[in-house]
Amino acid sequence: ILNVEQSPQSLHVQEGDSTNFTCSFPSSNFYALHWYRWETAKSPEALFVMTLNGDEKKKGRISATLNTKEGYSYLYIKGSQPEDSATYLCAFGGSGSARQLTFGSGTQLTVLP
Amino acid sequence: GAGVSQSPRYKVAKRGQDVALRCDPISGHVSLFWYQQALGQGPEFLTYFQNEAQLDKSGLPSDRFFAERPEGSVSTLKIQRTQQEDSAVYLCASSLGAAGQGARGYTFGSGTRLTVV
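Our subject in this report is the structure included herewith. Since we're looking at a predicted model, the values are computed, not measured.

This part is about the overall build of chain B. Along chain B, the regular secondary structure elements total zero helices and eleven strands. Start at the N end of chain B and walk to the C end: the helices and strands fall as β-β-β-β-β-β-β-β-β-β-β. In terms of C-alpha radius of gyration, chain B reaches 13 Å, essentially the compact-globule figure of 13 Å for 117 residues. Here the C-alpha coordinates of chain B stretch approximately 40 × 25 × 25 Å along the principal axes. Taking the intrachain contacts of chain B between residues at least 6 apart in sequence as the baseline, contacts between residues at least 24 apart amount to 54%. A total of about 5500 Å² of accessible surface is found on chain B, and carbon and sulfur atoms cover 45% of it. Between the averaged position of the 12 positive side-chain charges in chain B and that of its 10 negative side-chain charges there is a distance of 6 Å.

Residue and element names in this part refer to chain B. Strand order in this open sheet of four strands is S1-S3-S8-S7, and the pairing throughout is antiparallel. The strands lining the two open edges of the sheet, one partner per strand, are strand S1 (5-7) and strand S7 (65-68). The average angle at which neighbouring strand axes cross in this sheet is 15 degrees, direction not considered.

This paragraph deals with the pairing of strand S11 (residues 107-112) of chain A. Residue and element names in this part refer to chain A. Residue alternation in S11 divides its side chains into a buried set, Thr-107, Leu-109 and Val-111, and an unburied set, Gln-108, Thr-110 and Leu-112. Sheet topology places strand S2 (residues 10-14) next to S11; five bridges connect them, and they run parallel. What sits directly across from Gln-14, in S11, is Leu-112. As paired elements, strand S9 (residues 86-94) and S11 share three bridges and run antiparallel to each other. Bridge pairing in S11 links Ala-86 to Leu-109.

Scanning all chains against the criterion turns up seven salt bridges over all chains. Its salt-bridge partner being A:Glu39, residue A:Lys42 comes within 3.9 Å of it at the nearest N-O pair. For A:Glu39, a relative accessible area of 24% gives the class partly exposed. Residues B:Asp24 and B:Arg22 are paired through a salt bridge, measuring 3.5 Å at the closest nitrogen-oxygen approach.

Under the defined criterion, the tally for this structure stands at 15 aromatic pairs over all chains. Their ring planes at 45 degrees and their centres at 6.4 Å tell us that B:Tyr106 and B:Phe108 sit as a pair that is tilted.

About the criteria used
- Residues numbered from 1 in each chain as written.
- Chains lettered and ligands numbered in written order.
- Predicted model: local features only at pLDDT ≥ 70, side-chain atom pairs only at ≥ 80, totals over all residues.
- Heavy atoms only, no water.
- Helix = DSSP H or I, 4+ residues; strand = E, 2+ residues; numbered from the N terminus.
- Rg over C-alpha atoms; globule rule 2.2 N^0.38 Å.
- Contact = heavy atoms within 4.5 Å.
- Areas by Shrake-Rupley, 256 points an atom, 1.4 Å probe, with all protein chains shown as cover.
- Lys, Arg positive; Asp, Glu negative; His and termini not counted.
- Charge placed at Lys NZ, Arg CZ, Asp CG, Glu CD.
- Pairing = 2+ DSSP bridges.
- Axes fitted to C-alpha atoms, helices over the stretch in contact; angles between N-to-C directions.
- Buried < 20%, exposed > 50% of the residue type's maximum accessible area, 1.4 Å probe, protein only.
- Salt bridge = Lys/Arg side-chain N within 4 Å of Asp/Glu carboxyl O.
- Phe/Tyr/Trp six-rings, centres within 6.5 Å; stacked < 30°, edge-to-face > 60°.

Read these as layout, nothing more, since geometry by itself doesn't imply function.
If you want it as structure tokens, here you go:
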């Protein structure tokens, strides 16, 4: 059974604050690491798909880093806005079972105006 | 269509009832996945189709769960004799290429929330 852990489970920040969360995953048989944003009553939306150790990806105020050797990824949000409020999910794709993504339980972010 | 469409959005079933959940993926997407998300947990893999072929059904929790994609487009997840533990959000996702070929994000539907009473 693959273990994908996300921390913290939930987070409240003030508008304008920068924040980050962690996803840890198995360091062996790595294929890809996905990040999704899931707003209430909407569909999960793909943010990043990362495949190479040391990858850094950026989309507006959101960025992510990847360390496959130690099995972790960080998601950063700079200058949080209320519209960033959502659950952020990471998902690990292993090389042996690339069809299946194993998701973490998510970090629920609330940005207070 | 423009996105992945799932229906119904909400379903309340009496214990023992059969239910059918529909997923309409993005046109031309080869891969289709079903995930189950229980309250407070992340989505868990149920099954994977490449076109009409069900290549992986290792995540289906029991033989009461059955999925099909007969023409390689619309998929139906059927749950027979529903139990309370089946209550969850059922998510469908599709992607353009075959899973495992290239690192692509999935496009998810909004899910069907099933409540078994």
